[in-house]
Amino acid sequence: MSDKSYSKMKSQVSSTTRRGALKTLALGAGAASLPMWARYAQASTSEPIKIGFQVHRTGIGAAYGRWYGRTTEAAVKLINEGGGINGRMVEIVAEDDGTDPKRGAEVVEKFANQHGCDVGFGTLFSHVVIGSSPRAGELKLPYFVVSEGHHVASGMLNRYTLQPGITDVKSQVQAMAPFVAENLGKKVTMIFPDFAFGHDHRDFFTAAIEAQGGEVLEHIAIPPAETSFTKYFPKIPRETEVLYHVMVGPAVLTFVKELGEFFGPSRPEIFGFIDSLEAVDIASPGLEYLEGTYFWEGNPRNAQEDQSAHDKFYREAVGVDTRGASVNDPSDVSTYAHMFGCWETMHVIKAGMEAANYQGIGDRAALIEAVEAMGEMPESQAHPQGAKLFNGKTHQVFGHQYISKVEDGALKVVHKTSIEDGMYPDEVDYTTQGF
């Protein structure tokens, strides 16, 4: 997207945000005109706001689910200590979806029909989002996902599904392809998981590197439940200049170890998504070869020299040390590059409910409209990963990306993209859809 288009979008969302603020003020004035007893009853209801948390407690997403849970609990604790949302406490209703699309849809149904949740929240793995979103739309349950797939912004889903707390793969790879082409090489081999998330990487990075004058020599798709990877590596062409890898699930440590064993002392440049190393200590035996390789990080695992006060506050709140591990157990490494999305999405839900003067499920449409009107999200305690721009038409947020290099066993940020680096033309306008 050109600077002119970006400026136009900023102008549009800023205007929309101002309209949203005026709407909120008008709602506040209306509440002030109510009799005292009505205002008191409205503000002091004892009913909590129920957030249905669709969590990957089991299945290939379990490591993420554990840290998504801890991050969500920390965000809710902070929100409740501050008075909750519209004077009401927030209650998390967690259900395990097994990282399974069918169970995901069943969980969404339980949130709406059994638990009486106000919204659904938290889903990570793309195939689960795709399997769950249609049911959320049918049940008219606002569904806030913390995934990375392009499924939301592509128009595949519906108006009830939003991704306001984390960027998508298309944006991420578009922002980083220039760095890869300019600094590492232009002949690339890609290794990725064989499901929706991996297919997004395959499709969008291939297009992004070609736009930089590069090419992908080979696409190597690996079943997500695979436990051994050596048999796939001989498919890597000899002329490969850059190996691009992104892997997920409980076997990621095996994957990176076997990759190092395969190449030995002679290897191409390596650019990985930190997904291949999430919840894994980079100092683990067998990973020494990663020294000098590069990773995408949604949020830098290691606290940087220029660490912001917001990141410091957030780390302390979720119980993570400066190296990205649990303060209670150094061997318990977090999914730091992704889990901030839960923290930020919870704060988006709070801001949206407050802007809409949300009182109950009858205000769900007003909540969605309030989030659609948000636009600019400044870096803050609520958004510690960095400033963002939410596109209300596509229900997708855009933000900064980080490229880190492994130096002395730590991840050091060497490049931070701008928000506009990752922006692309709209593919859908959900605001034209009804409720």
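Refer to the structure presented above.
Residues numbered from 1 in each chain as written. Predicted model: local features only at pLDDT ≥ 70, side-chain atom pairs only at ≥ 80, totals over all residues. Heavy atoms only, no water.

*Asks:* Sorry if this is basic, but what is going on with the sheet that holds strand β16 (residues 402–407) here?
*Replies:* Consider a sheet: its strands pair through backbone hydrogen bonds, and that pairing is either parallel or antiparallel. Sheet architecture is open: 7 strands sit in the order β7-β6-β8-β9-β10-β16-β17, paired in mixed fashion. In this open sheet, the two edge strands, each paired with only one partner strand, are β7 (215–222) and β17 (410–416). Across this sheet, the average inter-strand angle for adjacent strands is 25°, counted without regard to direction. In terms of strand pairing, strand β6 (residues 187–193) meets strand β8 (residues 242–245) through 4 bridges, oriented parallel. Counterpart to Ile-191 in the pairing with β8 is His-245. Each of β6, β7, β8 and β9 (269–273) touches helix α7 (residues 196–210); the most contacted strand, β6, lies at about 165° to it. (Pairing = 2+ DSSP bridges. Helix = DSSP H or I, 4+ residues; strand = E, 2+ residues; numbered from the N terminus. Axes fitted to C-alpha atoms, helices over the stretch in contact; angles between N-to-C directions. Contact = heavy atoms within 4.5 Å.)

*Asks:* Mind showing me how you'd approach the pairing of β9 here?
*Replies:* In the case of a regular strand, side chains alternate between the two sheet surfaces. In terms of burial, β9 is largely enclosed, as 4 of its 5 residues are buried. The parallel pair β8 and β9, bridged by helix α8 (residues 252–263), forms a crossover whose chirality is right-handed. Across 3 bridges, β9 lies against strand β10 (residues 294–297) in parallel orientation. Along β10, the bridge assignment pairs Phe-271 with Tyr-294. (Buried < 20%, exposed > 50% of the residue type's maximum accessible area, 1.4 Å probe, protein only. Right-handed = clockwise from strand over helix to strand, strands pointing away.)

*Asks:* Help me out: how do you make sense of the sheet that holds strand β15 (residues 396–399) in this one?
*Replies:* Strand order in the open sheet formed by 3 strands is β13-β14-β15, with antiparallel pairing between adjacent strands. Whereas interior strands pair on both sides, the edge strands pair on one side only; in this sheet they are β13 (376–377) and β15. Note: strand β14 (residues 388–391) against β15, 4 bridges, orientation antiparallel. Residue pairing across strands places Leu-389 opposite Phe-398, the latter belonging to β15.

*Asks:* Any chance you could explain the packing of aromatic side chains here in plain terms?
*Replies:* How two aromatic rings sit relative to each other is given by the distance of their centres and the angle of their planes. What the rule picks out here adds up to 19 aromatic pairs. Centre to centre, the rings of Phe-313 and Trp-343 are 6.4 Å apart; their planes meet at 70°, and the pair counts as edge-to-face. With Phe-313 in helix α9 (residues 309–318) and Trp-343 in helix α10 (residues 336–355), the pair connects residues that are 30 residues apart, well separated along the chain. You can call Phe-313 partly exposed: its relative accessible area is 27%. Given a relative accessible area of 0%, Trp-343 falls into the buried group. Among the aromatic residues, those joined into a cluster by ring pairs are Phe-205, Tyr-244, Phe-271, Phe-273 and Trp-296. (Phe/Tyr/Trp six-rings, centres within 6.5 Å; stacked < 30°, edge-to-face > 60°.)

*Asks:* Help me understand the nonpolar core in this model?
*Replies:* In globular proteins that are soluble, nonpolar side chains generally tend to be buried together. Ranked by internal contacts, the top residues of the largest apolar core, which has 97 residues, are Phe-121, Ile-191, Phe-205, Tyr-244, Phe-271, Leu-277 and Met-346. Filtering out sequence-adjacent residues up to four positions away, Tyr-244 remains in contact with Val-173, Val-188, Thr-189, Met-190, Ile-191, His-201, Phe-205, Phe-271 and Phe-273. Counting residues in each nonpolar core, the second largest holds 16 residues, with Val-107, Phe-111, Ala-112 and Ala-136 among its members. (Core = buried A, V, L, I, M, F, W, Y, C linked by side-chain atoms within 4.5 Å.)

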